[in-house]
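# Structural description and commentary
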Amino acid sequence: MSSFLSFSQGDTSTFKAQLALGLNSPSQNGFVSGFEGKTFNFPTVNLGIQYLFRPIFGAKLDYSFNRISNKNNTQEFKLNYSRINLQAVYNANRLFNLPQNKGLFLHAGPGLSTVKPLGNFTQNKTSFVNAMAGIELHFGISDDLSIYTDISYIHGFAKDFAPISEGFGAFNGNLLTLTIGASISLSGCYYCEQND
């Protein structure tokens, strides 16, 4: 069994689909006073497609949906934070000399965030440019499937709320996410990373 895993994960698929679920943690300075969000919120859902141009370098396009709600003893609100990012991907397996059934990927790139308050504050929608960076650790299950965890930080380039009432139930800060998901090969292995 170990030799099967070693062989199957020695190759890096060219084209992958990714789906992950987890938590988010918004920066507290992204809320106006009295409308602070919880430190940890569920869910965060990530959907992405990754393409490797070379065995160690590629790109991914991904979309994320995040729900954020109020802390206890603050004004009640909920909001949807969505983002879409185009990112460069670096396969760092060779740098860290990981076992063949594991993989380490670094990713970073620009995108757009959209915040949509729910309930009483639906007029306070906002959008802003973001930049994000993250790290994924993969564990190979088969030739076509790996389970992975991702930690990402999304920095928002948003303006201050002016007037302050535009921030009621909204958010214009940074976001940290932790997700666990599956990465599925769609292409087989055109650009493969073979052992020397």
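Residues numbered from 1 in each chain as written. Predicted model: local features only at pLDDT ≥ 70, side-chain atom pairs only at ≥ 80, totals over all residues. Heavy atoms only, no water.

### Quick look at the overall build of the protein
Within the protein, the regular secondary structure consists of 2 helices and 8 strands. Evaluated residue by residue, the protein yields a buried proportion of 45% over its 196 residues. Long-range contacts, defined as pairs at least 24 residues apart, comprise 66% of the intrachain contacts of the protein with a sequence gap of at least 6. Accessible surface, the protein as shown: approximately 10,100 Å² in total, 63% of it carbon and sulfur. (Helix = DSSP H or I, 4+ residues; strand = E, 2+ residues; numbered from the N terminus. Buried < 20%, exposed > 50% of the residue type's maximum accessible area, 1.4 Å probe, protein only. Contact = heavy atoms within 4.5 Å. Areas by Shrake-Rupley, 256 points an atom, 1.4 Å probe, with all protein chains shown as cover.)

### Some points on the pairing of strand β4 (residues 78–91)
Across 13 bridges, strand β3 (residues 57–69) lies against β4 in antiparallel orientation. Within the sheet, the bridge partner assigned to Gly 58 lies in β4 and is Val 89. Note: β4 against strand β5 (residues 102–117), 11 bridges, orientation antiparallel. Across the sheet, Leu 79 pairs through a bridge with Pro 117, a residue of β5. (Pairing = 2+ DSSP bridges.)

### Things to note about the nonpolar core
Phe 31, Ile 68, Phe 77, Leu 79, Tyr 81, Val 115 and Phe 171 are the most contacted members of the largest nonpolar core, which has 16 residues in total. Listing elements by their share of this core, those giving two or more residues are β4 and β6 (126–140). Not counting the four nearest positions on each side in its chain, Tyr 81 is found in contact with Ser 64, Phe 65, Asn 66, Ile 68, Ser 113, Thr 114, Val 115, Phe 128, Ile 154, Phe 171 and Leu 175. (Core = buried A, V, L, I, M, F, W, Y, C linked by side-chain atoms within 4.5 Å.)

### What to know about the pattern of salt bridges
Overall, the coordinates contain 2 salt bridges when judged by the stated rule. Lys 60 is the salt-bridge partner of Glu 136, the closest N and O atoms lying 2.8 Å from each other. With a gap of 76 residues between them, Glu 136 in strand β6 and Lys 60 in strand β3 connect regions that are remote in the sequence. Of the two residues, Glu 136 and Lys 60, neither departs from the other in class, the shared state being buried. Residue Asp 62 is joined to Arg 83 by a salt bridge in which the shortest nitrogen-to-oxygen separation is 2.9 Å. One end of the pair, Asp 62, is in strand β3; the other, Arg 83, is in strand β4, and 21 residues separate them in sequence. With relative accessibility at 4%, the residue Arg 83 sits in the buried group. (Salt bridge = Lys/Arg side-chain N within 4 Å of Asp/Glu carboxyl O.)

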